[in-house]
Amino acid sequence: MKKEHTGKEIPIEPAKSKTYGRSVVMDKLISILDKHETEYEIIKHTKQINTAQEGADYFGIEIGQTAPTLILKTEKGFFALIISGDYGRVDFKIIKELISVKQVKLATPKEVEQVTGSKVGSVSLINESLPTIIDKQLNRFSYVYGGTGIPQTTLKLRPNDIAKLNKIVGYVR
């Protein structure tokens, strides 16, 4: 069910292509997606996308269809927070109440890399081992776009598959 391509127009075969830097992180992601028979697309792009607005402009989509994955640090450990690009500022008070913690903050770039194997800005939408909080507003869209774990690649998939493939502990909005 997968569809992989470079840029927006040119399909490529994964076995023949090394253009998006196949790695343990990418191989694990593809394995999870295929195992669950998920419909998805991995999109290679030439520029790094650093903001929801840049992603929306690049893909010609609504900003709400972008789905950044933030890594949160609490006294209970690390959590993933997948939000719609139009979410605005994260209200940590709501997050604290939702997951019953006293302290919550964004993980440092070093912690993000240690926990996910990826750099900030590239964290995958799929993190099976992390308790995950999802923005319900992502369900407004047929497809959303987020990280693969590898810079300059984007994962396009259905919002309900994000919930199916992660360990969901709560929802915001």
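Below: a short report on this structure. The structure presented is a predicted model; accordingly, all values stated were derived computationally and were not measured.

**Some thoughts on the pairing of strand β7 (residues 131-135)**
Phase 1: Counted residue by residue, β7 has 5 buried out of 5 residues, so it is predominantly covered.
Phase 2: Alternating positions in β7 separate into two faces, P131, I133 and D135 on one and T132 and I134 on the other, with burial throughout.
Phase 3: In this sheet, β7 lies alongside strand β5 (residues 77-82) in parallel orientation, the contact comprising 3 bridges. Bridge pairing in β7 links A80 to T132.
Phase 4: By the bridge criterion, 5 bridges tie β7 to strand β10 (residues 167-172) in an arrangement that is parallel.

**A few points about the nonpolar core**
Phase 1: The biggest cluster of nonpolar side chains holds 20 residues, and the ones touching the most others in it are L33, Y40, L125, I126, L155, L157 and I162.
Phase 2: When contributions to this core are tallied by element, the ones reaching two or more residues are α1 (24-35), β3 (40-44), β9 (153-157) and α5 (159-165).
Phase 3: It is α1 that contributes the most residues to this core, 5 residues altogether.
Phase 4: Setting aside residues no more than four positions away along its own chain, L155 makes contact with L29, L33, Y40, E41, I42, L125, I126, V144, Y145, G146, G147 and T148.
Phase 5: If you look at the next biggest cluster of nonpolar residues, it comprises 12 residues, including I99, V104, I133 and V172.

Reading guide: rules and limits
- Residues numbered from 1 in each chain as written.
- Predicted model: local features only at pLDDT ≥ 70, side-chain atom pairs only at ≥ 80, totals over all residues.
- Heavy atoms only, no water.
- Buried < 20%, exposed > 50% of the residue type's maximum accessible area, 1.4 Å probe, protein only.
- Helix = DSSP H or I, 4+ residues; strand = E, 2+ residues; numbered from the N terminus.
- Pairing = 2+ DSSP bridges.
- Core = buried A, V, L, I, M, F, W, Y, C linked by side-chain atoms within 4.5 Å.
- Contact = heavy atoms within 4.5 Å.

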